[in-house]
Amino acid sequence: MAEFFLTLGTVLKWLGFLSGPLFLLPLLVLVRPKPIAPIASALADGLDRVSEAALKAAMAAGVLMLFAQIAVVLARYVFGLSFSWLSELVTYGFAAMFLLASAATLRDDGHVRVDILRPRLSARGRAMVELAGTYVFIFPICILIFWAAISPSFVRSWANFEASRESDGLPLLFLFRTLVPAFAALLMAQGLSQALKAALVLRGEREEDSLHRQGGVA
Amino acid sequence: MEIEVLLAITMFLVAIGALLAGFPVALTLGGVALVFALIGIGLGAFPEPLLRAFPNRIQGAMENQVLIAVPLFVLMGVILERSKVAEDLLHIAGRLLGKMRGGLGFAVIGVGALLAASTGIVGATVITMALIALPTMLREGYDPRLASGTIAASGTLGQIIPPSIVLILLADAISNANQTASASAGVGPSVVSVGDLFAGALIPGLLLVCIYLLYVLYHALFRPETCPPVSQMDEDPVSASDMAFGLGAPLLLIITVLGSILGGIASPTEAAAVGAVGALLLAGLRLSVDQPAWSRRALVLGLLALVVVFTMAGTLDLRVNRADLTSGDMAAITVAAALCLVFFASLAIALLVLSRAGQLRPALSNASSITAMVFLILIGASLFSPYSEGSVAMTSSQTFWRQHPAGRGARW
């Protein structure tokens with residue numbers, strides 16, 4: 001089993017390296033939009049769907065958290081019982097909820113902005129801010145989180161399928177720790193999608209208001 | 001001037017500029033800090049291990065037991081919003097108070113305070129109230145400035161009236177600061193809890209409500225043309241069952257949740273969970289009107305089961321891990337366990353009802369987004385804060401930033 005995940009890790013690593021050039025695609029669209037615009041558009045839509053899938057997982061995690069937490073309350077106040085695995089289920093659900101939903105929230109423009117100058121900017125201006133911000137802020141943050149999260153101790157965690165320190169805990173600590181690099185990867189992928197959409201808007205290849213999905217968080 | 005101070009001041013100015021440009025606050029804070037940390041490392045002015053320790057801060061947020069209350073309160077608010085509680089409350093209050101001068105204004109403030117005490121998130125409240133109350137108020141001849149001001153002011157009461165998301169985030173930051181402070185001052189450990197902040201914010205929040213009411217009263221008495229009474233009521237007078245369900249149920253939920261936190265009976269996380277499932281059952285009941293009757297009955301049964309279980313726990317000793325279990329205890333425990341099963345089944349039915357009414361997916365996705373938004377600010381700000389730590393000149397601004405994201409986070 002450990003062998004399999006080691007191979008999987010290596011495959012993922014090379015996939016990561018190979019996808020590196022993709023992050024230049026938004027800039028390429030800016031320089032020469034004609035031949036690559038359809039590919040860029042399709043890639044952005046595909047990445048949006050990945051975030052959608054992660055959002056669904058986050059929603060399920062939210063329900064899980066709620067049910068587990070009310071079970072914790074009932075067990076404690078009514079029966080005087082406490083189970084580590086149940087409390088850990090709450091924690092895992094809670095962490096998965098906000099870490100996995102982050103990318104889709106970026107897509108739906110749910111992350112709070114300061115609306116002082118923004119409404120006065122043109123659609124082109126907004127697309128420019130989006131593109132620059134993605135390269136200067138989102139990508140470095142995600143690379144830092146990912147780089148620091150994939151530590152030797154993280155690799156050991158997977159190699160041993162690290163379990164909870166509690167005797168009645170969940171044997172899934174390695175998955176819990178995987179949420180952090182997953183969060184970074186998802187956010188980076190959505191950042192790429194936003195950058196692609198911004199570049200397409202700047203070159204007039206896409207509707208000006210298509211930067212964010214309509215009907216997202218108000 | 002020292003290089004660190006210079007860097008810190010530049011970073012601050014760049015951060016303000018980038019925020020004004022309108023990029024998401026969380027990513028701007030984190031991104032600016034990261035860029036300047038890299039410059040600082042290049043100049044030898046910033047210790048690299050601080051950067052490497054950054055994911056530990058994310059881990060810290062993931063394992064924080066207090067912060068779990070945030071998504072639970074968000075869920076409670078979002079579900080209540082989907083169950084049209086705000087609409088019901090506004091209609092009831094409008095019909096009760098509309099006949100008097102300034103009555104619609106009082107109704108809006110009262111509903112705003114009630115919603116604030118039940119949700120802890122703000123944006124949605126303002127939108128709901130603006131959609132329902134504003135057209136009526138303008139049609140009846142309210143001064144547009146008074147009408148919109150009343151709605152905006154009462155809609156944002158959620159930030160100060162507990163359970164407020166801001167206060168939970170602040171409690172987390174303040175309790176850390178308090179620990180550091182009491183350790184360095186050499187006094188014994190003292191704890192600042194979420195409950196303390198809730199208790200502290202309750203009276204100022206209610207005072208604020210009173211001031212709003214007085215302001216509308218002033219207008220009603222001395223400038224009656226700005227807030228006339230409703231000319232004709234096109235709806236029937238409020239029936240007792242409308243009152244009981246529309247006003248009583250949310251009130252009961254508020255009293256249960258806030259009471260158990262302020263009374264020290266339950267932790268905010270536990271109370272929030274009770275509030276969220278309470279909201280879920282109420283929403284199920286409200287939305288099951290045009291659905292099979294059995295689902296309605298099952299939901300009532302579930303609510304009853306919950307009440308009975310907690311009453312039993314209050315009067316009998318149902319703890320399982322005891323040496324002196326009698327057969328009577330065993331029977332009581334079995335009954336309680338069965339009731340818990342009934343309760344969980346009714347929760348599942350409530351989910352089903354919401355899903356059939358088309359409200360489950362939007363509610364959950366909304367709650368996930370709001371939670372992600374709040375916590376991304378927390379993550380971004382945690383990247384921002386170590387950079388300024390240790391520099392005296394930046395301490396005050398650091399406090400500002402730590403509070404600021406919470407303030408912005410609660411807008412939603």
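Look a little higher up for the structure.
These numbers come from a predicted model, not from an experiment.

1. A closer look at the overall build of chain B
The helix and strand tally for chain B stands at 17 helices and zero strands. Projected onto its principal axes, the C-alpha positions of chain B cover 75 × 75 × 45 Å. Within the span of chain B, comprising 412 residues, buried residues form 52% of the whole. Taking the intrachain contacts of chain B between residues at least 6 apart in sequence as the baseline, contacts between residues at least 24 apart amount to 77%. With an accessible surface of roughly 17600 Å², chain B has 68% of that area assigned to carbon and sulfur atoms. Side-chain charges of chain B comprise 20 positive and 22 negative groups, with the mean position of each set lying 7 Å from the other.

2. Side note on the layout of surface pockets
As a volume, the largest pocket reaches approximately 1600 Å³. Lining the largest pocket are 44 residues, with L12(A), F146(A), I150(A), F154(A) and P181(A) sitting closest to its centre. Looking at the lining of the largest pocket, the elements that each hand over two or more residues are α1 (2-19), α3 (33-77), α4 (84-107), α5 (123-149), α6 (152-159) and α7 (173-202) of chain A. Volume-wise, the second largest pocket comes out at about 650 Å³. Lining the second largest pocket are 23 residues; nearest its centre among them are T256(B), V274(B), L306(B), V307(B) and F310(B). Ranked by the residues each element gives to the lining of the second largest pocket, the list is headed by helix α14 (residues 293-315) of chain B, at eight residues.

3. Structural notes on the pattern of salt bridges
Any two side chains of opposite charge can pair, on the condition that their charged atoms come close. Overall, the coordinates contain 15 salt bridges over all chains when judged by the stated rule. Among the ionic pairs, R145(B) bridges to D143(B), the shortest N-O distance being 3.9 Å. Measuring nitrogen to oxygen at the nearest pair gives 3.0 Å for the salt bridge that ties R319(B) to D317(B). Members of the salt-bridge network, linked through shared partners, are E52(A), R107(A), D108(A) and R361(B).

4. Things to note about the side chain of Q69(A)
Secondary-structure assignment places Q69(A) in helix α3. On the accessibility criterion, Q69(A) (6% relative accessible area) is buried. Look past the residues within four positions of Q69(A) in its chain and what remains in contact with it is V90(A), I68(B), L72(B), T269(B), E270(B) and A273(B).

5. Side note on helix α7 (residues 103-118) of chain B
Residues and elements named next belong to chain B. Taking 1.5 Å of rise per residue, 16 residues should cover 22 Å, and α7 covers 23 Å from first to last C-alpha, within 8% of that figure. Among the 16 residues that make up α7, 14 are buried, leaving the element largely enclosed by the rest of the structure. Within two residues after α7, G120 carries a phi angle of roughly 85°, on the positive side.

6. Here's the deal with the packing of aromatic side chains
All names here are of chain A. Enumeration according to the criterion identifies 18 aromatic pairs over all chains in this entry. Look at F5 and F161: their rings are 5.5 Å apart centre to centre, the planes differ by 75°, and that puts the pair in the edge-to-face class. Taken together, the residues F5 in helix α1 and F161 in the loop between α6 and α7 connect sequence positions 156 residues apart. Between F161 and F174 the ring centres are 5.2 Å apart and the planes differ by 65°, which places this aromatic pair in the edge-to-face class. You can see F161 sitting in the loop between α6 and α7 and its partner F174 sitting in helix α7, a full 13 residues away along the chain. Relative accessible area serves as the criterion here: at 9%, F174 is assigned to the buried category. Here the aromatic cluster, defined as three or more aromatic residues joined through ring pairs, consists of F4, F5, W158, F161 and F174.

7. Digging into a nonpolar patch on the surface
Nonpolar side chains collect at one region of the surface, where L214(B), Y215(B), L217(B), Y218(B), L221(B) and F222(B) lie side by side and expose about 670 Å² of accessible area between them. Of note, F222(B) is situated in helix α11 (residues 194-222).

8. Some details on empty space enclosed by the protein
If you roll a probe as big as a water molecule over the atoms, it shows you where there is empty space left. Residue and element names in this part refer to chain B. The full count for this structure, using the stated rule, is five cavities of 30 Å³ or more. There is about 90 Å³ of room inside the largest cavity. Lining the largest cavity are eleven residues, and of these G77, E81, L115, T119 and T125 lie nearest its centre. Only α5 (69-82), α6 (85-97) and α8 (123-139) provide two or more residues apiece to the lining of the largest cavity. Broken down by class, the residue content of the lining of the largest cavity amounts to six nonpolar, four polar and one charged. Estimates place the volume of the second largest cavity at around 80 Å³. Sorting the residues of the lining of the second largest cavity by element identifies α6, α12 (240-262) and α13 (268-287) as the ones contributing at least two each. At four residues, the largest contribution of residues to the lining of the second largest cavity is made by α12.

9. Brief notes about the interface of chain A and chain B
Facing 63 residues of chain A, the contacting portion of chain B comprises 77 residues. Between chain A and chain B the total buried area reaches about 6000 Å² when both faces are included, carbon and sulfur atoms providing 80% of it. Together, F79(A), V112(A) and F137(A) form the three largest contributors to the area buried by chain A at its contact with chain B, with a combined 12%. Connecting chain A to chain B are two salt bridges. A salt bridge links R361(B) to E52(A), with the shortest nitrogen-to-oxygen separation between them at 3.7 Å. Taken together, the links from chain A to chain B amount to seven residue pairs in polar contact (both at pLDDT 80 or more). Mapped onto the side of chain A that touches chain B, the elements with two or more residues apiece are α3, α4, α5 and α7 of chain A.

10. Topic: the nonpolar core
By size, the foremost hydrophobic cluster in this structure holds 184 residues, and its most contacted members are L99(A), I58(B), M62(B), V70(B), F73(B) and F343(B). If one sorts the elements of this core by residue count, α3(A) sits on top with 19 residues. Core analysis: the second largest hydrophobic core is formed by eleven residues, F106(B), I109(B), A116(B) and I254(B) among them.

11. Digging into unusual backbone geometry
In the segment running from P162(B) into P163(B), the intervening peptide bond is cis, with an omega of 0°. Following the sequence through the fold, P163(B) ends up in the loop between α9 (144-155) and α10 (165-185). Here F161(A), not a glycine, exhibits a phi torsion of approximately 45°, which is positive.

12. Observations concerning α5(B)
Residues and elements named next belong to chain B. Helix length check: α5 (14 residues) gives 20 Å between terminal C-alpha atoms against 20 Å at 1.5 Å per residue, within 8%. Summarising burial for α5: twelve of the 14 residues are buried, a large majority. Looking only at α5, the buried set comprises A69, V70, P71, L72, F73, V74, L75, M76, G77, V78, I79 and L80. Just downstream of α5, K84 is the residue with a positive phi angle, here 65°.

Criteria and cut-off values
Residues numbered from 1 in each chain as written. Chains lettered and ligands numbered in written order. Predicted model: local features only at pLDDT ≥ 70, side-chain atom pairs only at ≥ 80, totals over all residues. Heavy atoms only, no water. Helix = DSSP H or I, 4+ residues; strand = E, 2+ residues; numbered from the N terminus. Buried < 20%, exposed > 50% of the residue type's maximum accessible area, 1.4 Å probe, protein only. Contact = heavy atoms within 4.5 Å. Areas by Shrake-Rupley, 256 points an atom, 1.4 Å probe, with all protein chains shown as cover. Lys, Arg positive; Asp, Glu negative; His and termini not counted. Charge placed at Lys NZ, Arg CZ, Asp CG, Glu CD. 1 Å grid on protein atoms, 1.4 Å probe; cavity = no way out; pocket = protein on both sides within 12 Å on 5 of 7 lines; lining within 4 Å. Points joined across faces, edges and corners; volume = space filled by probe spheres on them. Salt bridge = Lys/Arg side-chain N within 4 Å of Asp/Glu carboxyl O. Expected span 1.5 Å × (residues − 1). Phe/Tyr/Trp six-rings, centres within 6.5 Å; stacked < 30°, edge-to-face > 60°. Patch = residues over 30% accessible without salt bridge, like charges linked within 9 Å, V, L, I, M, F, W, Y side chains within 5 Å. Nonpolar A, V, L, I, M, F, W, Y, C, P; charged D, E, K, R; others polar. Buried area = accessible area lost by both parts, 1.4 Å probe. Polar contact = N/O pair within 3.5 Å; in protein donor to acceptor, adjacent residues only side chain to side chain. Core = buried A, V, L, I, M, F, W, Y, C linked by side-chain atoms within 4.5 Å.

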